[in-house]
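Geometric and topological summary
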There are 2 protein chains.
Amino acid sequence: MAEPVHFYFDFISPFGFFASLRIDDIAAKHGRTAEWHSMLLGVSVMKVMGYPPLMETPLKGDYIARDAERYARLHDIPIPRPLPVPTISPIQPGRAFNWLRTRDKDLAKAVAKDMLWAFWIDQKNISEPEVIADIAEPHGVERGSFIEGMQSEEAKTLFKQAVDESLENKVFGSPFFIVDGEPFFGTEKLELLDLWLERGGW
Amino acid sequence: MAEPVHFYFDFISPFGFFASLRIDDIAAKHGRTAEWHSMLLGVSVMKVMGYPPLMETPLKGDYIARDAERYARLHDIPIPRPLPVPTISPIQPGRAFNWLRTRDKDLAKAVAKDMLWAFWIDQKNISEPEVIADIAEPHGVERGSFIEGMQSEEAKTLFKQAVDESLENKVFGSPFFIVDGEPFFGTEKLELLDLWLERGGW
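This write-up is about the structure you can find in this document.

On to the overall build of chain A. A tally of regular secondary structure across chain A gives ten helices and four strands. When the helices and strands of chain A are placed in sequence order, the string is β-α-α-β-α-α-α-α-α-α-α-β-β-α. Overall size of chain A, expressed as C-alpha extent along the three principal axes, is 50 × 45 × 35 Å. For chain A, with 202 residues in total, the buried portion stands at 56%. Sequence separation of at least 24 residues holds for 70% of the intrachain contacts in chain A that already meet a minimum separation of 6. Entry remark: accessible area of chain A is about 8700 Å², with carbon and sulfur atoms responsible for 52%. Across chain A, 22 positive and 31 negative side-chain charges occur, with their mean positions spaced 5 Å apart.

Encoded structure:
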């Protein structure tokens, strides 16, 4: 079995959301699976790298929103325009995802996909445990234990470990991909990643 | 006559160099010309945006070098490996380019191309006026007046105006492209820019 394509994302990253819509298909095209992992822009980019918050960065902030809207138009992603600026914390969804992930990776991925869609397209507040439970319920996730689990010490520890692991792997943005040890940053790299998988590198 | 494709670069940006090798052909394919402009990463990115120097940035620095080498391998660009870390100042080449540019835009572009190649491939020190004059001489640029001109108050003012103009146009990286008012940042955007020109936007 070939190594999975590792996909790192932050729930509050629009480009992470965009990549989430394509990464499984790209991996499958080359007989791979995509393994989804958490990262936190607030830790890697702001704390470790010392960057200011992206959307508040002079010159770049406006561009990023424009670039995201342009990408969404090109790929027919029905994101609200202007692009919503995330005001929620990605901590609770990250804990919920990682709590579920230790139990069932595929289930966690399916729920994460729906959480991303609910947040970016339907503008649901996915920092609320009840909202997350609503999203997971159709996947057969039992509501009570999930709400308790996602707020447990275990969930905190699991999420923290996931973010630490992202830093150990030098993940510094969302989306970020690692294929057989080769790192790729940004939605724009999906075509290159596709080519890399096709050729087995160069 | 269609508007030119505006191409902004910093001489010490490897990705700016990579884009310089393709932008004229992409523009020509769509009946456009590329107009080359100066920007300075040290002003836009570090002073205005408050970012730390890229190659010294934790997590990202190593990635950038790796990404540049991967790009060079894919596009058969014979850049030295490991990627040279620029230690020269881009001020003198920027002044030389802008001094020449007010006299003859096409000539300035041809000389800039050769300066970029000399710096990135042949590892010439293009912060030296004599080295710049050596590069320009085969293009028919008279040595004495060019060496004097590139160090004149006029050259300083012209370069400063160019950098100010880049900031007014919200150029925050190298390479950066503006097509009919639409901004594109990064070498990775060349394919998207190509598509944008083909479709006339979307």
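Turning to the sheet that holds strand 2 (residues 34-38) of chain A, a few remarks are in order. Across the sheet, four strands lie side by side as 2-1-3-4 (chain A); this open sheet has mixed pairing. Each having just a single partner strand, strand 2 and strand 4 (182-185) of chain A make up the two edges of the open sheet. Pairs of neighbouring strands in the sheet enclose a mean axial angle of 20°, with direction left out of account. Taken strand by strand, helix 6 (residues 105-120) of chain A contacts strand 1 (5-9) and strand 2 of chain A, and its axis lies near 65° from that of strand 2 of chain A. The strands that helix 4 (residues 60-74) of chain B touches are strand 3 (176-179) and strand 4 of chain A; relative to strand 4 of chain A, the one it contacts most, it runs at about 100°.

On to the environment of Gly140(A), then. Residues and elements named next belong to chain A. Along the chain, Gly140 turns up in the loop between helix 7 (129-136) and helix 8 (143-150). Classification of Gly140 as exposed rests on a relative accessible area of 64%. Taking the C-alpha atoms as reference points, Gly140 and Trp196, 56 residues apart in sequence, are found 36 Å from one another.

Glancing now at the side chain of Asn98(A). Counting through the fold element by element, Asn98(A) comes out in helix 5 (residues 91-101). Ignoring anything within four residues of it in the chain, the contact list for Asn98(A) reads Ser38(A), Leu158(A), Phe159(A) and Ala162(A).

What follows concerns helix 5 of chain A. Residues lying three or four places apart along an α-helix face the same way, a consequence of the helix completing one turn every 3.6 residues. Residues and elements named next belong to chain A. For helix 5, the tally of buried residues reaches nine of eleven residues, placing the bulk of the element in the interior. Within the span of helix 5, buried status applies to Gln92, Pro93, Gly94, Ala96, Phe97, Asn98, Trp99, Leu100 and Arg101. Along its buried surface, helix 5 packs onto strand 1, strand 2, helix 6, helix 7, helix 8 and helix 9 (153-168).

Let's shift gears to the sheet that holds strand 4 (residues 182-185) of chain B. The pairing of strands in a sheet happens through backbone hydrogen bonds and is either parallel or antiparallel. Residues and elements named next belong to chain B. Spatially, the four strands line up as an open sheet ordered 2-1-3-4, and their pairing is mixed. Of all strands in the sheet, those bounded by a partner on one side alone are strand 2 (34-38) and strand 4. Adjacent strand axes in the sheet meet at a mean angle of 20°, parallel and antiparallel pairs treated alike. The pairing of strand 3 (residues 176-179) with strand 4 spans four bridges and is classified as antiparallel. Its bridge partner lying in strand 4, Phe176 is registered against Phe185. In this fold helix 5 (residues 91-101) packs onto strand 1 (5-9) and strand 2, with an angle of close to 135° to the strand it touches most, strand 2. Across the face of the sheet, helix 10 (residues 190-199) comes into contact with strand 1, strand 3 and strand 4 while running at roughly 5° to strand 3.

Take the environment of Ser89(B) next. All names here are of chain B. Mapped onto the fold, Ser89 is located in the loop between helix 4 and helix 5. Taking the C-alpha atoms as reference, Ser89 lies 6.2 Å from Ser127; in sequence the two are 38 residues apart. A distance of 3.0 Å separates a polar atom in the side chain of Ser89 from the backbone nitrogen of Ile91.

Superposition of chain A onto chain B requires a rotation of 180° combined with a translation of 0.0 Å along the rotation axis, giving an RMSD of 0.0 Å. Both copies of the chain, as the preceding transformation shows, are related through a two-fold rotation axis. Considering only C-alpha atoms, the part of chain A nearest the rotation axis is Tyr51(A), at 2.8 Å. Looking at chain A, 100% of its interface residues are interface residues in chain B too, so the copies touch through the same face.

Counting residues at the interface gives 35 residues for chain A and 35 residues for chain B. Interface of chain A and chain B: buried area, both sides summed, is about 3300 Å²; carbon and sulfur atoms make up 61% of it. At the surface where chain A touches chain B, the tally comes to ten salt bridges. Glu182(B) is the partner of Arg66(A) in a salt bridge, and the nearest nitrogen-oxygen pair spans 2.7 Å. Here chain A and chain B share 18 residue pairs in polar contact (both at pLDDT 80 or more) between them. Elements that contribute at least two residues to the side of chain A that touches chain B include exactly helix 3 (41-48), helix 4 (60-74), strand 4 and helix 10 (190-199) of chain A. For the side of chain A that touches chain B, the element with the highest residue contribution is helix 4 of chain A, accounting for eight residues.

Here we come to the packing of aromatic side chains. Considering all chains together, one arrives at 42 aromatic pairs over all chains under this definition. A centroid spacing of 5.9 Å and a plane angle of 45° characterise the contact between Phe17(A) and Phe18(A), whose relative ring orientation is tilted. Summarising the burial analysis for this pair, Phe17(A) and Phe18(A) share the class buried. A centroid spacing of 5.0 Å and a plane angle of 75° characterise the contact between Phe9(B) and Phe11(B), whose relative ring orientation is edge-to-face.

Conventions we followed
- Residues numbered from 1 in each chain as written.
- Chains lettered and ligands numbered in written order.
- Predicted model: local features only at pLDDT ≥ 70, side-chain atom pairs only at ≥ 80, totals over all residues.
- Heavy atoms only, no water.
- Helix = DSSP H or I, 4+ residues; strand = E, 2+ residues; numbered from the N terminus.
- Buried < 20%, exposed > 50% of the residue type's maximum accessible area, 1.4 Å probe, protein only.
- Contact = heavy atoms within 4.5 Å.
- Areas by Shrake-Rupley, 256 points an atom, 1.4 Å probe, with all protein chains shown as cover.
- Lys, Arg positive; Asp, Glu negative; His and termini not counted.
- Charge placed at Lys NZ, Arg CZ, Asp CG, Glu CD.
- Pairing = 2+ DSSP bridges.
- Axes fitted to C-alpha atoms, helices over the stretch in contact; angles between N-to-C directions.
- Polar contact = N/O pair within 3.5 Å; in protein donor to acceptor, adjacent residues only side chain to side chain.
- Least-squares fit on C-alpha atoms with pLDDT ≥ 70 in both.
- Buried area = accessible area lost by both parts, 1.4 Å probe.
- Salt bridge = Lys/Arg side-chain N within 4 Å of Asp/Glu carboxyl O.
- Phe/Tyr/Trp six-rings, centres within 6.5 Å; stacked < 30°, edge-to-face > 60°.

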